[in-house]
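Understanding the architecture of this molecule
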Amino acid sequence: MIRFTSITGAAAICSMSLLFATSTKAYDDYQHYDGHIHHYDGHLHHDDGHHHGEGLPYPGLESETFGGMGHIDMLAENCRYMANHITFDMYYNYQHNPGFQEIYAKCYSFRNLSYIIHDMEHTGDHVEMSAAISEMDSLFHSLEHDLGNWRRTARLQVGQGDIHYKMELLEDMMHHLMNDAGVRSQAIIDNSAPPVPGNLSVDAVPPPPGVGPLPQ
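As the structure is a prediction and not an experimental result, all values here were calculated from the model. (Residues numbered from 1 in each chain as written. Predicted model: local features only at pLDDT ≥ 70, side-chain atom pairs only at ≥ 80, totals over all residues. Heavy atoms only, no water.)

Focus: the nonpolar core
What tends to happen in soluble globular proteins is that the nonpolar side chains get buried as a cluster. Selection criterion: Buried Ala, Val, Leu, Ile, Met, Phe, Trp, Tyr and Cys residues form a nonpolar core when they are joined through side-chain atoms within 4.5 Å. Here the term buried applies to any residue with accessible area under 20% of the maximum for its type, exposed to any over 50%, and partly exposed to those in between, with areas from a 1.4 Å probe on protein chains only. Labels follow the DSSP assignment, with helices taken as runs of H or I lasting at least four residues and strands as runs of E lasting at least two, numbered in each case from the N terminus. Contacts were defined at the residue level, with two residues in contact if any of their heavy atoms lie within 4.5 Å.
Of all hydrophobic cores here, the largest spans 41 residues; its most connected members are M90, F110, I117, I133, L170 and L177. Of all the secondary-structure elements, those providing two or more residues to this core are α2 (72-93), α3 (100-121), α4 (126-146) and α5 (163-181). If sequence neighbours within four positions are ignored, L170 has contacts with C79, M82, I86, F110 and F140.

Comments concerning α2
Cut-off, in case you're wondering: To estimate the expected span of a helix, count its residues, drop one, and scale the result by 1.5 Å.
With 22 residues, α2 extends 31 Å between its outermost C-alpha atoms, agreeing within 8% with the 32 Å of an ideal straight helix rising 1.5 Å per residue. The buried fraction of α2 is high, at 20 of 22 residues.

Side note on the environment of K106
The condition is simple: Two N or O atoms count as a polar contact when they lie within 3.5 Å, although within protein this holds only if one can serve as hydrogen donor and the other as acceptor, and sequence-adjacent residues are included solely when both atoms are side-chain atoms.
Position of K106 among the secondary structure elements: in helix α3. Relative accessible area serves as the criterion here: at 22%, K106 is assigned to the partly exposed category. Sequence separation of K106 and L139 is 33 residues, and the distance between their C-alpha atoms is 7.7 Å. Beyond its immediate sequence surroundings of up to four residues, K106 is in contact with L139, S142, L143 and D146. In this structure the side chain of K106 is engaged in a polar contact, spanning 2.6 Å, whose partner is the side chain of D146.

A look at the packing of aromatic side chains
Inclusion rule: In this analysis, rings of Phe, Tyr and Trp, with Trp reduced to its six-membered ring, are considered paired at centre separations within 6.5 Å, and the interplanar angle assigns stacked below 30 degrees, edge-to-face beyond 60, and tilted for intermediate values. To sit over a ring, a charge needs its Lys NZ or Arg CZ within 6 Å of the ring centre and within 35 degrees of the ring normal.
Throughout the structure, instances matching the rule amount to seven aromatic pairs. Judged by centre distance (6.2 Å) and plane angle (20°), the ring pair of Y94 and W150 falls under stacked. With Y94 in the loop between α2 and α3 and W150 in the loop between α4 and α5, this pair connects stretches of sequence that are 56 residues apart. Of the two residues, Y94 and W150, both sit in the buried class. Ring centres 6.3 Å apart and planes at 45° place the aromatic pair F110 and F140 in the tilted group. Remark: F140 occurs in helix α4 and F110 occurs in helix α3; sequence separation between them is 30 residues. This pair shows no difference in class: F110 is buried, exactly as F140 is. Of the aromatic side chains, those joined through ring pairs into one cluster are Y91, Y92, Y94, F100, Y104, Y108 and W150. Stacked on the ring of Y115, the Lys or Arg R111 has its end atom at 4.3 Å from the ring centre. Here the basic side chain of R184 rests over the ring of F66, its NZ or CZ set 3.8 Å away from the ring centre.

Brief notes about the packing of α4 against α5
Inclusion rule: Here an axis means a line fitted to C-alpha atoms, over the contact stretch when the element is a helix, while the angle between two N-to-C directions is reported on a 0 to 180 degree scale. Working rule for angles: under 35 degrees goes down as roughly parallel, over 145 as roughly antiparallel, 65 to 115 as roughly perpendicular, anything else as oblique. Left-handed describes a crossing in which the near helix is turned anticlockwise from the far one by less than a right angle; the clockwise case is right-handed. Residues are grouped as follows: Ala, Val, Leu, Ile, Met, Phe, Trp, Tyr, Cys and Pro are nonpolar; Asp, Glu, Lys and Arg are charged; every other residue, Gly included, is polar.
Where α4 contacts α5, the two axes come as close as 11 Å, and the packing angle between them is 155°. As summarised for this structure, α4 and α5 are arranged roughly antiparallel, according to the angle between their axes. Note that α4 runs across α5; the crossing there is left-handed. Residues S130, I133, M136, D137, F140, H141, L143 and E144 of α4 lie in contact with α5, whose contacting residues are M167, L170, E171, M174, L177, M178 and A181. Across the contact of α4 with α5, the residue classes tally to 10 nonpolar, two polar and three charged.

What follows is the structure, encoded as structure tokens:
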């Protein structure tokens with residue numbers, strides 16, 4: 001976990017420097033993987049010269065089996081896609097909110113971590129990836145708290161809805177990713193109470209909600 005905390009901490013420092021050094025115009029263009037510069041207006045542009053409506057890479061994709069590892073790559077790509085949209089939306093439309101610099105840096109770190117997780121799936125190191133997913137879950141719930149009272153000043157529509165709508169979508173995507181990867185959310189444990197003591201034997205005490213069977 002230390003490794004990923006250091007990753008996100010470094011990303012936060014970099015993103016803070018980026019925030020102070022750039023203007024709104026700096027984010028109007030981004031460099032595509034092919035080396036060309038494309039204008040970003042909240043929709044996707046492809047190299048065929050036509051404008052295409054945006055959409056999730058894998059819309060409606062779900063994971064029903066805990067630890068099934070059947071759709072990690074696709075679920076991680078959905079999370080990466082939405083994290084990128086949330087970061088753009090925050091930069092363009094929420095700069096007037098209190099604590100913006102620090103929270104934007106945290107959001108940028110979250111976005112970077114989502115890219116790392118997607119790349120890790122291709123290395124086959126699922127232990128490291130699970131640790132990164134847990135770190136992403138923790139960062140998400142921290143951001144969720146930070147953004148609770150934020151209001152939007154419309155400057156550029158990025159994707160659909162506002163940042164709160166996107167956070168709800170991302171939470172659902174993350175839950176499916178975590179389920180497929182076999183990772184439990186620490187937030188569930190932190191916000192739950194263990195069973196009340198009674199006449200049950202120790203072996204019969206059920207686990208907290210959202211937690212798998214206790215080890216024998």
